[in-house]
Amino acid sequence: MGGFSMEIAVDVGNVAFCVVLLTWVLVDVLKRMRQGGDRGSGNRLPSTNSSVFSRIIPLWCAIVSILCMGSGFYEFWCHRIVSDRSVSSAFTWIVATAVAVCVGCQGKKWPMVLVLWWVYSTILYLLLVSVYSMTHFTAITVDIHVSEAKFVDLLACPFSILVCFSALPSFRTRKHHELEDPFLEGNKENFCQGKEENTWQDAGGFSNAGVWSQLTFSWLNPLFKTGKAQRLESPHTPSVPLSETAENASCLLEESLREQKISSSPLPKAIFIVVWRSLAINAIFAATNTMASYMGPLLITRFVDYLLKKHEYMSYGYGITLAVMFFLAKSVESLSQRQWYFGANRIGIRIRAALMALIYKKSLSIKFSGPGHGKTINFINVDVERLGDFCSYVHGVWLLPLQVLLALIILYMNLGAAPAIAAVSTTFLVMVCNTPLASRQEMLHSKIMEAKDSRIKATSEALKNMRVLKLHSWDSAFLMKVLNLRDIERNWLTKYLYTCSAIAFLFWASPTLVSAVTFGVCILVKTPLTSGTVLSTLATFRILQEPIYNLPELISMIAQTKVSVDRLDDYIRDEDQEKPVSHPKIKASSVMVDINKAEYAWEASNINLKKPTINISEKIKINKGDKVAICGSVGSGKSSLLCCILGEIPRMSGTAAKVLGTRAYVPQSPWIQTGTVRDNILFGQKMNVDFYQEVLEGCALNKDVEMWADRDLCVVGERGMNLSGGQKQRIQVARAIYSDADVYFLDDPFSAVDTRTGAHMFKRCLLELLSKKTVIYVTHQLEFLDAADLVLVMKDGRIAQMGKYEDLIKDLNNELARQMAARSKWLDQVNTHQELDFTMKGLHIDSHAEVIEEATGCFIMPDKLLDRTQEEEAERGRVNWRVYSAFMTAAYRGALVPVILLCQLLFQGLQMASNYWLAWATEEEGRVSRSQLVWIFILLSGGSSIFILGRTMFLSTIAIQTAQQLFLDMTRSVFRAPVSFFDSTPSSRILNRCSTDQSVVDTDIPYRLAGLAFAIIQLLSVIILMCQIAWQVFILFVGIIAISWCYQNYYIATARELARMVGMRKAPILHHFSETINGAATIRCFNQEQRFFMETLRSVDDYSKVAFHNCATMEWLSVRINFLFNLVFFIVLVVLVTLPRSAIDPSLSGLAATYGLNMNVVQAWVIWNLCNVENKMICVERILQVTRIPSEAPLVVEDCRPEPKWPTKGYIEFKDLHVQYSPALPMVLKGITCVIPGEKKIGVVGRTGSGKSTLIQALFRVVEPTEGMIIIDGVDVCTIGLQDLRCRLSIIPQDPTLFQGTVRANLDPLQEHSDHEIWEVLIYNQHTIIVGSCVYVSYR
């Protein structure tokens, strides 16, 4: 009676909805007639949704309508009667389909009554299917009077669900546009003009996507369309969602950190507070995926039993229902896994963005002895990346026990208590055995990182000073240093990879061990075994592989992440730095700088410090408009005094100096940004053309600008490498003057320019442009002191004298008088040498005008080279097969590759044979003895384990040798590259290849490439196994594989470019970090921290948006391929159900179903590896790019080596010397012909940028002569090797360079001289006192 009542209720509901839908149609028709056909657009959906869902939803509605009508005709055909529910459902679905088609064509929003009908139908179908499943597949008694579910209900249920989910995006998008429309109407013009607003509008793909679009990643379709039509570039990639932007993420993290300040470890708690909601949602997907994955082993027993006993008492409907449940379980598993992985990547991107911004902000505020440059870069490259990667592992902490618990339940249901406990105990035993290996793996990984840090540090130092290394012929020695450090790293890498091989062996062998123990216990306790229980148990063991493998990796990842978190936590919590000095506004008082009594020291925390660096014993007040000069001997503390006033040196005692108003700072070592000359001068200020031109003229830059090809838009290389020393100094002086600050701090601004230029700058800049400004300047040119209102004379870190210049020079016994006397004596010595009878016979210069270098290296650099300085060159299209070939043949010419593939084939064959043996032997009771059953299984499985051990060992051997060979080729190519390559290529770009790309080659690519081959073999074996049951399945597989290949080709065009951009967009972040750390004092002084921080946020967002869409595209492909293979699995199960019992082998069919459970996983593994291999092979492609850099001339020419003592006299002859830096540029030196006698001191003079350095570079063959000859003591320098030439010459470069290490190592890098000779040089240069107190040089 209850079932009958339910039938009536369903019929009434169907009829009611049908009447309401018909009423809606009638009202809509009348409304349109009244409006005269006017189709208002007020309720229209956005065109993008209209074009997609207006076709999909009516199609699915039509399918359900056809199913309902077909069910009614089937009832009438078989029973000559049609139920009321069939008629009411079919008719209502037909009306709903008509309404959906009508609304979809008009592009309007879905009517509420239509959506309610879809929801009602979905709930009804789910209820019927759920009750049917519980009553037929479990022992649960359902005390609910529900009508029996029909076959049509099972088929219509998934389509009804799809209709519901497809309707949701339309409502979400409609709401968004309803809110947005008024804004667009009122402010359309203003909105479209803003660049950021337009960018954010483009980012709406994900942000405005509905549930179905996010579930299937359909929001990526426009990006794929763009990537297919043209080469994808960064502007084509939408921005990241608001939650993943660096600004939003860093603000939330900072706020959370402030709340956690009292905590001992605030960083991990702060991160958790920021992302806990996202983690909770991600946990739901992870749990759903885990539970759905165990549905297969739970159902496989019933399915195999059905195949063995079908046609006895079970209907086809039972088998079809099992197949549908398999399909639904695998679909839920696939979709939840994709959302889980994508959600974890999103959280990782958010954490990376927040920490990068936070570290940058912290590094910019640190003044004194903060972490070194290399350590800060490691924070970004290693620690932040590790925290982001940990998001993919974080749920493993609670998922692992859940997986083991579910496995225990299934084993208990199939085998009983004792075998289940034995299986779980053995699993834990394997995990415990794996733990020491994981600990060793963690220790070795730490050693690798330490060795890598040392190697990267040495490589970075060499790259930044490559010009000096080549001029002194030290490049070979530094190359050997880097190679020796790599050998240490390789030693640890070898141990690490072989340890990974042991872990991989345990992973693949663990099912064999667990299966042998479990079935052995079954025999001891006489547990009955059937094909169904055996195959279900094997499927469960295969799933248990994951927690066995993941436990050591999870422990290792937790330990590594904890180390990184602690390092970052210590860095961020470091409170021993003084707060940044504020910029107080100018008060009514005329005092601009107030210097108080205080002591300062660079190493204030050193308890053994004997005396301060600077000791200010008198209070000094500097008024507005005063000019204060600071002079003193070398090392007296002039620059340190400026830093004390600026607050850049820790204060030991006393009161800090105060500076009122804005400040400008010109450091002694020029700091130039990568960018245009104009950008360096403006430094964030607005352009004032008149004042700008006045500043250029005052700094003597106007003539240089006129000679540059792009004038002041000429691009400056990294650290101003393509500028002369004088040009760099003048540019930063111009930057300071243009800032129009209140107080100026100039640290020896005229030292790098010639006398005439210095005099011009002093007059125009100091006395005219800055006449009304307060200026504190350091100078060695004592002739500039008379213009100062106050002179401070420094000695041994103290202000020895202070007063007006006229007053100080009256006292002939004071420090200033002694310095002036020493300078006069030196000038007398120089004049004496000039008065010597110095005649240069044969000296002849054809034309004074010919010895002119274009005013700067900017003009020297060709346009293409300048472009490369800004944008990294990237390959296009697919990764060339030559890259794969070069990688696979790098080790032993590829001889081990066939051996590895053979091991995998034998392993796969023996593993499938052992599983089939168990299924066949237990199909019938007594077919084989129990001992024979287990021993043959152990024999087959043991054989497969041996081959898997050989595979892992051979693979590690190949990985080590390949990585080493690529590293050697890359490093040697870099060190042999010409100097022009380093002038145009930022060191961060090369370091990215030496660190990130090389790490991927070391530990990732070989295993990805091998994993692809292994996955293909495994997939093919499953396909072959299924084709053994029904050969027609092969045709289906061909079609599915063809569709998958099309999907993959469509995907790879976009994904490949995104992967390339991921590598390229990381380098600008590192470069910006590196550049900022070097110029942090200048940035702080100009109060530009916020502008630089915003630039960092933009760089991080550029990287995040590419990484975000890169991981999303992988999930887009996986969703579609997973669905295809789940569909194939469903069809295979249906075929097994429909085939007669005599036509199939139940054991083989059950085995096929068991392997089919993992087919979507294997297929996903194939696709994931296929796409990841190409993405990761870009790292190999980038390394091979570097190996193709054109090299310099040979280091040694055996047929033309100079005498051991050459040169003996130093007789130099230039013959018609022509030099140009590129064939596309004008000649720089034009026909220089002159003779320089030996053993003479020659002075080469000329204004800044006139060609002096070019002449020297030609001597050292840094730039090869285009025409002419350079002959030294009868030897043409162009005919001998570079090492033979450069090691016989010596040079003191313009920019002083020190390398990290001891003073001795800096004086004698090649270890060619004795300690006695080293001390003689130190005594001669009066450095014995300094060396006695400092034996280690810190590279900064």
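Look a little higher up for the structure.
What this report covers is the structure whose coordinates are included nearby. The structure presented is a predicted model; accordingly, all values stated were derived computationally and were not measured. (Residues numbered from 1 in each chain as written. Predicted model: local features only at pLDDT ≥ 70, side-chain atom pairs only at ≥ 80, totals over all residues. Heavy atoms only, no water.)

### A closer look at the overall build of the chain
We apply this condition: For helices the rule is a DSSP run of H or I covering at least 4 residues; for strands it is a run of E covering at least 2, with both sets numbered from the N terminus onward. The contact definition used throughout considers only heavy atoms, calling two residues in contact when any of these lie within 4.5 Å. Areas reported as accessible are Shrake-Rupley estimates using a 1.4 Å probe. Residue values count occlusion only from the protein chains shown.
Of regular secondary structure, the chain possesses 45 helices and 20 strands. Counted over contacts in the chain with a minimum sequence separation of 6, partners at least 24 positions apart contribute 83%. About 60,400 Å² of surface is accessible on the chain, with carbon and sulfur atoms providing 61% of the total.

### Some words on helix α18 (residues 475–524)
An α-helix turns once every 3.6 residues. As a result, residues three or four positions apart point the same way. So the rule is basically this: By this rule the span expected of a helix is its residue count minus one, scaled by 1.5 Å. The quantity called bend is, for any residue, the angle between two axes fitted respectively to the seven residues ending at it and the seven beginning at it.
For α18, built from 50 residues, the straight-helix expectation of 74 Å at 1.5 Å per residue is met to within 8% by its first-to-last C-alpha distance of 72 Å. Bending of α18 peaks at approximately 45° at the position of alanine 509, with proline proline 511 no more than four residues after it. Looking at the residues trailing α18, positive phi occurs at lysine 526, about 60°.

### A word on the pattern of salt bridges
Heads up, the condition is: Here, a salt bridge means any Lys or Arg side-chain nitrogen found within 4 Å of an Asp or Glu carboxyl oxygen. Each residue's exposure class comes from its accessible area (1.4 Å probe, protein chains only) as a fraction of the maximum for that residue type: buried when under 20%, exposed when over 50%, partly exposed otherwise.
Under the counting rule described, the total for this entry stands at 30 salt bridges. The partner of glutamate 1192 in a salt bridge is lysine 470, and the shortest N-O contact between them spans 3.0 Å. Here glutamate 1192, found in the loop between α40 (1159–1187) and β15 (1212–1219), pairs with lysine 470, found in helix α17 (residues 466–471); they are 722 residues apart in sequence, far enough to count as distant. Under the relative-accessibility criterion, glutamate 1192 is labelled buried at 12%.

### Quick word on the packing of helix α22 (residues 689–698) against helix α25 (residues 755–769)
Helix-helix packing: each pair is described by the crossing angle between the helix axes and the interaxial distance. Stated formally: Axis angles are defined between N-to-C directions and span 0 to 180 degrees, where every axis is a line fitted to C-alpha atoms and, for a helix, only to the segment in contact. Just so you know how the angles are binned, under 35 degrees is roughly parallel, over 145 roughly antiparallel, 65 to 115 roughly perpendicular, and the rest oblique. Only Asp, Glu, Lys and Arg are considered charged in this grouping, and only Ala, Val, Leu, Ile, Met, Phe, Trp, Tyr, Cys and Pro are considered nonpolar; every other residue, Gly among them, is considered polar.
Interaxial distance between α22 and α25 falls to 9 Å at its minimum, and their mutual angle equals 140°. By the angle between their directions, the pair α22 and α25 is classed as oblique. Residues Glu694, Val695, Glu697 and Gly698 of α22 pack against His760, Met761, Arg764, Cys765 and Leu769 of α25. When its residues are assigned to classes, the contact of α22 with α25 shows four nonpolar, two polar and three charged.

### With respect to the state of the cysteines
Note the following rule: By convention in this document, the label disulfide applies to cysteine sulfur atom pairs within 2.5 Å.
If you walk through the whole model with that rule in mind, you get zero disulfides. With no disulfide partner, cysteine 643 has as its closest neighbouring cysteine sulfur the one in cysteine 644, 7.2 Å distant.

### Focus on the sheet that holds strand β17 (residues 1267–1272)
Threshold: In this description, strands pair whenever DSSP reports at least two bridges between them.
Spatial strand order, β16-β15-β17-β18: four strands in an open sheet with antiparallel pairing. Looking at the sheet topology across the chains shown, the edges are occupied by β16 (1229–1236) and β18 (1275–1276). Sheet contacts for helix α41 (residues 1252–1259): β15, β16 and β17; angle to β15, the most-contacted strand, approximately 110°.

### A short note on unusual backbone geometry
Here the amide bond leading from tryptophan 1206 into proline 1207 is cis, since omega sits at -5°, within 30 degrees of zero. The backbone of aspartate 748 shows a phi angle near 50°, a positive value even though the residue is not glycine. Checked against the element boundaries, aspartate 748 lands in the loop between β11 (743–747) and α25. Aspartate 748 gets classed as buried once you look at its relative accessible area, which sits at 2%.

### Here we look at a nonpolar patch on the surface
Under the convention used in this document: Exposure above 30% relative accessible area and the lack of any salt bridge qualify a residue for a patch; like charges then connect within 9 Å, and the nonpolar side chains Val, Leu, Ile, Met, Phe, Trp and Tyr within 5 Å.
There is a patch of nonpolar side chains on the surface, built from Leu298, Leu405, Ile409, Tyr412 and Met413 and spanning about 490 Å² of accessible area. In terms of residue count, helix α15 (residues 396–415) provides more of the nonpolar patch than any other element does, four residues in total.

### Some thoughts on the side chain of aspartate 997
Here aspartate 997 shows up in helix α34 (residues 987–1003). On the basis of relative accessibility, which here comes to 4%, the residue aspartate 997 falls in the buried class.

### Considering the packing of helix α10 (residues 246–259) against helix α11 (residues 266–293)
We count it as follows: The handedness criterion is simple: a crossing whose near helix is rotated anticlockwise from the far helix by less than a right angle is left-handed, and one whose near helix is rotated clockwise is right-handed.
One can describe the packing of α10 onto α11 by two numbers: an axis separation of 8 Å at closest approach and a directional angle of 130°. Taken together, α10 and α11 sit at an angle that is classed as oblique. Of the two possible hands of crossing, α10 and α11 adopt the one that is right-handed. In this structure, α10 contributes Leu252, Leu253, Ser256 and Leu257 to the contact, and α11 contributes Pro266, Leu267, Lys269, Ala270, Ile271, Ile273 and Val274. The residue makeup of the contact of α10 with α11, split by class, is nine nonpolar, one polar and one charged.

### Description of the packing of aromatic side chains
For clarity, the cut-off: A pair of Phe, Tyr and Trp rings is counted when the ring centres sit within 6.5 Å of each other, with Trp represented by its six-membered ring. The angle between the planes then sorts it: under 30 degrees is stacked, over 60 is edge-to-face, the rest tilted. Note on criteria: charge over ring means Lys NZ or Arg CZ within 6 Å of the ring centre, with the direction from the centre no more than 35 degrees off the ring normal.
Per the stated rule, a full pass over the model turns up 28 aromatic pairs. Measuring from ring centre to ring centre gives 5.4 Å for phenylalanine 327 and phenylalanine 1130, while their planes differ by 50°; the resulting arrangement is tilted. Placement of the pair is phenylalanine 327 in helix α13 (residues 316–365) and phenylalanine 1130 in helix α38 (residues 1089–1138), with a sequence separation of 803 residues. Just as phenylalanine 327 is buried, phenylalanine 1130 falls in that class too. Measuring from centroid to centroid gives 5.7 Å for phenylalanine 683 and phenylalanine 1092, while their planes differ by 55°, and the two rings are tilted. Here the residue phenylalanine 683 occupies a position in the loop between α21 (677–682) and α22, and phenylalanine 1092 occupies one in helix α38, the gap between them amounting to 409 residues. Accessibility assignment for this pair places phenylalanine 683 and phenylalanine 1092 in one class, buried. Clustering of aromatic rings is evident, with ring pairs tying together Phe224, Tyr1047, Tyr1050, Tyr1051 and Trp1116. In this structure, arginine 486 is placed above the aromatic ring of phenylalanine 967, and the distance from its NZ or CZ to the ring centre is 4.8 Å. If you follow arginine 735 out to its NZ or CZ, it ends over the ring of phenylalanine 683, 5.0 Å from the centre.

### Examining the environment of cysteine 102
Its place among the elements puts cysteine 102 in helix α3 (residues 84–106). Overall, cysteine 102 belongs to the partly exposed group, its relative accessible area being 28%. When the C-alpha positions of cysteine 102 and proline 58 are compared, they lie 9.1 Å apart, and in sequence the two are 44 residues distant.

### Re the pairing of β15
Within β15, six of the eight residues are buried, leaving the element largely enclosed by the surrounding structure. Across five bridges, β15 lies against β17 in antiparallel orientation. Among the inter-strand pairings, isoleucine 1212 is bridged to a residue of β17, identified as isoleucine 1272.

### Concerning the environment of isoleucine 1236
The residue isoleucine 1236 is located in strand β16 in this model. Its relative accessible area of 16% is what places isoleucine 1236 among the buried residues. A sequence separation of 36 residues divides isoleucine 1236 from isoleucine 1272, and the C-alpha atoms of the two residues are 9.5 Å apart.

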